[in-house]
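# Summary of structural features
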Amino acid sequence: MTVTVFSLCACAHCPLGAAGPDCAYRCFAERSMPEGPSLVILKELAKPYEGRTIAEAHGNSSAVPFDELPGQPILSVRTWGKHFLIELPLYSLRVHFLMFGSYRIDERKEDSPPRLSLAFEEGGELNFYTCSVKTIEGDLDEAYDWQADVMADEWKPALALKKLRAMPDTLACDALLDQTVFSGVGNIIKNEVLFRLKIHPLSTIGALPATKLRELVKQARQYSFEFLEWKKAYVLKQHWLAHTKRICPRCNIALHKAHLGKTKRRTFWCERCQKRYGEVL
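Right, let's get into the state of the cysteines. Summed over the entire model, instances satisfying the criterion amount to zero disulfides. Not engaged in a disulfide, the cysteine C251 finds its nearest cysteine sulfur in C273; these two sulfurs lie 3.8 Å apart. Judged by relative accessible area, which is 18%, C251 ranks as buried. Looking at C273, it has no disulfide partner, and the nearest cysteine sulfur is the one in C270, 3.7 Å off. Owing to a relative accessible area of 15%, C273 belongs among the buried residues under this scheme.

Before going further, it helps to spend a moment on the pairing of strand β7 (residues 125–129). For β7, the tally of buried residues reaches five of five residues, placing the bulk of the element in the interior. Of the two faces of β7, both are covered, the one formed by E125, N127 and Y129 as well as the one formed by L126 and F128. Bridge count for strand β5 (residues 102–105) against β7 is four bridges, and the pairing is antiparallel. Counted as the bridge partner of Y103 is F128 from β7. The sheet contact formed by strand β6 (residues 116–120) and β7 spans four bridges and is antiparallel.

Calculation criteria
Residues numbered from 1 in each chain as written. Predicted model: local features only at pLDDT ≥ 70, side-chain atom pairs only at ≥ 80, totals over all residues. Heavy atoms only, no water. Disulfide = S-S within 2.5 Å. Buried < 20%, exposed > 50% of the residue type's maximum accessible area, 1.4 Å probe, protein only. Helix = DSSP H or I, 4+ residues; strand = E, 2+ residues; numbered from the N terminus. Pairing = 2+ DSSP bridges.

In C-alpha cells form, the structure reads like this:
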C-alpha cells in the first residue's frame, strides 16, 4: 500500500488538524515546525523499512555521501525530539524538517527535488523534501541525551527540573522550546501547556512556585502524548484552547498574540487567567 504524508505542518487551516490528503503540502499558513509527536508518527510509518537494504540513494543535500549508501541496511529508525534518525552501519542520517519539511513514503513529490531519496532492494522508497540532512558518526546513544526527549521511555523529569532551576531568568515561553530541556516540544505544545497551567508566557522560570515548575515539566510530556493521540485521530486542532485562537475559552475575552522571547515564536495567551510570575519587563 502506498503511504503518502504530504507535510509535517500543523496548519491552522487544515480541516483535519494534521497533514493529510485533504491538506495540500503547499499550505503553510501556520508556518509551524513539526513537533516531537509528528516525528513519532513518521517513525512508526518507517518501521517496516528496518532491515531493508538501500539499493539507490540520491538527493540535493551537500552533506550526504550518496555513493556510500547503496548496500547499507537500515539498522533502525529512531527519533530524538524533532530529529528523525536513520541508523546505518557506516553512520546515521539525521533529518530535521525545519519549517517546511515534508516526506513521502513509496511515492514522490512531483516537480520537487528530494533532499534525500532512498530506494530499497526489497522494494519501497523513502523521500524527504525541504529539510536538513546530516550524517552522525558513532553510537546514537552517545550522540543524544535521550533523557531530555519528552516522548522517550528514558525521559527524566527530575533532570528537566534541575536544568530549569539552573536558568532562573529564562522566560517560560523560551524554556519550553529549549530542546536541551524539552526535546520535541514545539510552539503548539508551548502555547497549550502554558494556557493549561495558567502561566503567562513572560513569566520567569525562577519566579514560578515549585508546584507550578513541577506541573510544567509534567505537562510538557503529558500534552505531547495527547498531541500524538489527537494527531493520529485527525482531531488535533479541535483540542487547541489557545493556539491560533482569538477568544479565551475560560474568560471569554480576546487573547493576546505576539512573537515573544528570544525565540520570537508566535504566542497566544490570556492576560486575565494566565498569571505573570516575576518582574514585568
